[in-house]
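# An overview of the molecular structure
This is what each chain is made of:
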Amino acid sequence: MDTTQAYGRISRILHWGLAALFLWQFLGMAVKLVLGRVPLSGFFVGLHQPVGLAIFALIALRVLWALLNRGHRPGHGAGALGLAARLGHLTLYTVMVAVPLLALLRAFGNTRGFAPWGFEIFAPRAQEIAWMVNLGNAAHGLLAWTLAALIAGHIVMALLHHFVLRDGLLRRMIG
Ligand code: HEM
């Protein structure tokens, strides 16, 4: 379990595991954008949906674990910086949930079906549900890159705390 002094082992595994999987997703999509349809981007694109689903499952666990540990996790601190940290984390969690959720909504609504890792999750449907597909098309990629920018800001703040403020904040997640 977490304590007010540091995050516990499960929180840390979820945090760094998700960080690695997000990096993988962004790297793959950046390769696709920069290089176009080459075998390397095909490799990343082929894994994008199954890895995205795994990320979604881990995010659900992470939210559940955060709720279970509510009241005995390291605090955000007082004052304007504390409020900014609280709002920043809330935004990160919201966008983190929304990105795969929108892609899954689109997969549910389109006619192709969805069977990552060989298991059928959504069967192909005869008629697409247009609002689901349109919403996913409009928002999944855009919000995903917004999430990448938020994660970059999160990393900059963590490094600032570690190297400039030297307040030991990063150690709470490193262990
Ligand atoms: C949280 C995990 C995920 C992240 C970080 C992520 C990120 C991204 C990014 C950055 C793009 C590129 C957008 C562009 O071309 O500019 C993209 C595209 C795409 N993603 Fe994801 N994705 C995730 C989960 C999923 C899931 C679960 C699915 C399927 C159910 C999915 C399906 C797609 C598809 C089909 C595209 C290409 C069409 C589009 O741009 O919307 N993604 N994703």
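Note: the structure precedes this text.
Here is a short report on the structure shown in this document. (Residues numbered from 1 in each chain as written. Predicted model: local features only at pLDDT ≥ 70, side-chain atom pairs only at ≥ 80, totals over all residues. Heavy atoms only, no water.)

## Comments concerning the nonpolar core
Formed by Leu18, Phe22, Phe26, Val51, Ile55, Ile59, Leu92, Val95, Met96, Val99, Ala144 and Leu147, the largest nonpolar core amounts to twelve residues. When contributions to this core are tallied by element, the ones reaching two or more residues are helix 1 (9-35), helix 2 (39-68), helix 3 (79-109) and helix 4 (130-165). Those residues within four positions of Leu92 in sequence are excluded, and the remaining contacts are Leu147, Leu150, Ile151 and His154. Leu104, Ala107, Phe114 and Phe122 belong to the second largest nonpolar core, which has five residues in total. (Core = buried A, V, L, I, M, F, W, Y, C linked by side-chain atoms within 4.5 Å. Buried < 20%, exposed > 50% of the residue type's maximum accessible area, 1.4 Å probe, protein only. Helix = DSSP H or I, 4+ residues; strand = E, 2+ residues; numbered from the N terminus. Contact = heavy atoms within 4.5 Å.)

## Looking at the site of the ligand
His48, Ala103, Arg106, His140 and Trp145 are the nearest of the 19 residues found near the ligand. At 2.8 Å, a side-chain N or O of His140 approaches a nitrogen atom of the ligand. Trp145 has a polar side-chain atom sitting 2.8 Å from an oxygen atom of the ligand. When the residues that make up the shell around the ligand are grouped by side-chain class, the tally is twelve nonpolar, six polar and one charged. (Near = heavy atom within 4 Å. Polar contact = N/O pair within 3.5 Å; in protein donor to acceptor, adjacent residues only side chain to side chain. Nonpolar A, V, L, I, M, F, W, Y, C, P; charged D, E, K, R; others polar.)

## Some points on unusual backbone geometry
Residue Trp117 is not a glycine yet carries a positive backbone phi of 55°. The residue Trp117 is located in the loop between helix 3 and helix 4 in this model. Since its relative accessible area comes to 53%, Trp117 is described here as exposed.

## Describing the pattern of salt bridges
Following the criterion strictly, the structure yields one salt bridge and no others. The residue Arg73 makes a salt bridge to Asp2 at a minimum N-O spacing of 2.7 Å. On the criterion of sequence distance, the pair formed by Arg73 in the loop between helix 2 and helix 3 and Asp2 in the segment before helix 1 is long-range, its members being 71 residues apart. Taking the relative accessible area as the measure of exposure, Arg73 reaches 22% and is therefore partly exposed. Relative accessible area serves as the criterion here: at 3%, Asp2 is assigned to the buried category. (Salt bridge = Lys/Arg side-chain N within 4 Å of Asp/Glu carboxyl O.)

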